[in-house]
Amino acid sequence: MPHDHSDHAHSHLPSDPELRVRALESLLVDKGLVDPATLNALIDTYENKIGPRNGAQVVARAWVDAAYHARLMEDATAAIAELGFMGRQGEHMVAVQNTPTQHNLVVCTLCSCYPWPILGIPPTWYKSDAYRSRAIREPRAVLAEFGVELTDGQSVRVWDSTAEVRYLVVPMRPEGTQDLSESDLAALISRNAMIGTDLVKAPSA
């Protein structure tokens, strides 16, 4: 599918978005307009708390509610909106289910299309040239580098995220979690598991 280039306009700033952000951050800090500690706390909140926490709630609900799971797989955008998570970069969502025979991995091969409302800020590695190219060519090797070991019977399907559609991986619920509450289950689900570069594990005893 074609990517939307409107978010990637050319300018005289460095071509790497991360470099542009760092240059702007340095300028604002130097002028005393931004407190670095406050900025770091804000970034941490969006990267590790608000976004991934939302996605984890979606997955946990799908694990415990079969009817919700069916709605999520049929129309992920509407099902995610049921929980109040919506907005730009999350308008056209598709949920893909991991199973004992198929593991799903999400990448954006052209830029860094990513479902911000449910996963927060995309990690640096997701935007890197190495991940974007190798995830397509050698997904099992990439997964192994993340510590994801698949069984011989599991195939890997790679989904290319675009401006038209973004993906949420619904990881398999780990065994031994049948007595956990929905909120406890959500706490087990990492951002990477919803991209496909991690597996959800039961809590250790």
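Residues numbered from 1 in each chain as written. Predicted model: local features only at pLDDT ≥ 70, side-chain atom pairs only at ≥ 80, totals over all residues. Heavy atoms only, no water.

Considering the overall build of the protein chain
Within the protein chain, the regular secondary structure consists of 10 helices and 4 strands. Helices and strands in the protein chain line up, N terminus first, as α-α-α-α-β-β-α-α-α-α-β-β-α-α. Buried positions account for 36% of the 205 residues belonging to the protein chain. Residue pairs in contact within the protein chain that sit at least 24 positions apart in sequence constitute 70% of those at least 6 positions apart. Accessible surface, the protein chain: about 11300 Å² in total, of which carbon and sulfur atoms supply 55%. (Helix = DSSP H or I, 4+ residues; strand = E, 2+ residues; numbered from the N terminus. Buried < 20%, exposed > 50% of the residue type's maximum accessible area, 1.4 Å probe, protein only. Contact = heavy atoms within 4.5 Å. Areas by Shrake-Rupley, 256 points an atom, 1.4 Å probe, with all protein chains shown as cover.)

Overview of the nonpolar core
Ranked by size, the top nonpolar core spans 44 residues in total, and within it Leu72, Ile80, Tyr131 and Ile189 carry the most contacts. Counting residues per element, this core draws most heavily on helix α2 (residues 36-64), which supplies 6 residues. Not counting residues within four places of it along the chain, the set of residues in contact with leucine 72 comprises Val58, Ala62, Ala79, Ile80, Ala95 and Val170. (Core = buried A, V, L, I, M, F, W, Y, C linked by side-chain atoms within 4.5 Å.)

Things to note about the state of the cysteines
Joining two cysteines, a disulfide is a covalent bond between their sulfur atoms. Taken as a whole and judged by the stated rule, the model has 0 disulfides. With no disulfide of its own, cysteine 113 lies 3.6 Å from the sulfur of cysteine 111, the closest cysteine sulfur. Residue class for cysteine 113 comes out buried when judged on its relative accessible area of 5%. (Disulfide = S-S within 2.5 Å.)

With respect to the side chain of serine 161
Here serine 161 shows up in the loop between β3 (155-160) and β4 (166-170). Classification of serine 161 by relative accessible area gives buried; the value is 1%. Within polar-contact distance, the side chain of serine 161 engages the backbone oxygen of cysteine 113 at 3.3 Å. (Polar contact = N/O pair within 3.5 Å; in protein donor to acceptor, adjacent residues only side chain to side chain.)

Quick look at the confidence of the model for the protein chain
Per-residue pLDDT for the protein chain averages 86, and the proportion of residues at 70 or more is 84%. Considering each helix and strand of the protein chain separately, the mean pLDDT is smallest for helix α1 (residues 17-30), with a value of 72, and largest for helix α3 (residues 66-74), with 98. For residues 1-14, every residue scores under 50 in pLDDT, and the model assigns this stretch 25 contacts once sequence neighbours within four places are set aside. (pLDDT = per-residue confidence, 0-100.)

Structural notes on the pattern of salt bridges
All told, the structure shown has 6 salt bridges when counted by the stated rule. One salt bridge in this structure joins glutamate 182 and arginine 61, with 2.7 Å as the shortest N-O distance. Of this pair, glutamate 182 sits in helix α9 (residues 182-188) while arginine 61 sits in helix α2; the two residues are 121 residues apart in sequence, bridging distant segments of the chain. A relative accessible area of 27% places arginine 61 in the partly exposed class. Here arginine 134 makes a salt bridge to glutamate 145, at a shortest N to O gap of 2.8 Å. Of the two residues, arginine 134 sits in helix α7 (residues 129-137) while glutamate 145 sits in helix α8 (residues 139-145), which places them 11 residues apart along the sequence. Because the salt bridges share partners, they merge into one network encompassing Arg134, Glu138 and Glu145. (Salt bridge = Lys/Arg side-chain N within 4 Å of Asp/Glu carboxyl O.)

Description of the packing of aromatic side chains
Applying the stated criterion to the full structure yields 7 aromatic pairs. Relative to phenylalanine 146, the ring of tyrosine 131 has its centre 6.5 Å away and its plane inclined at 80 degrees; by these criteria the two rings are edge-to-face. Of this pair, tyrosine 131 sits in helix α7 while phenylalanine 146 sits in the loop between α8 and β3; the two residues are 15 residues apart in sequence, bridging distant segments of the chain. For tyrosine 131, a relative accessible area of 5% corresponds to the buried category. Ring geometry for tryptophan 159 versus tyrosine 167: centroids 5.1 Å apart, planes at 45 degrees, classification tilted. Grouping residues by exposure puts tryptophan 159 and tyrosine 167 together as buried. In this structure an aromatic cluster arises from ring pairing among Tyr114, Trp125, Tyr126, Tyr131 and Phe146. (Phe/Tyr/Trp six-rings, centres within 6.5 Å; stacked < 30°, edge-to-face > 60°.)

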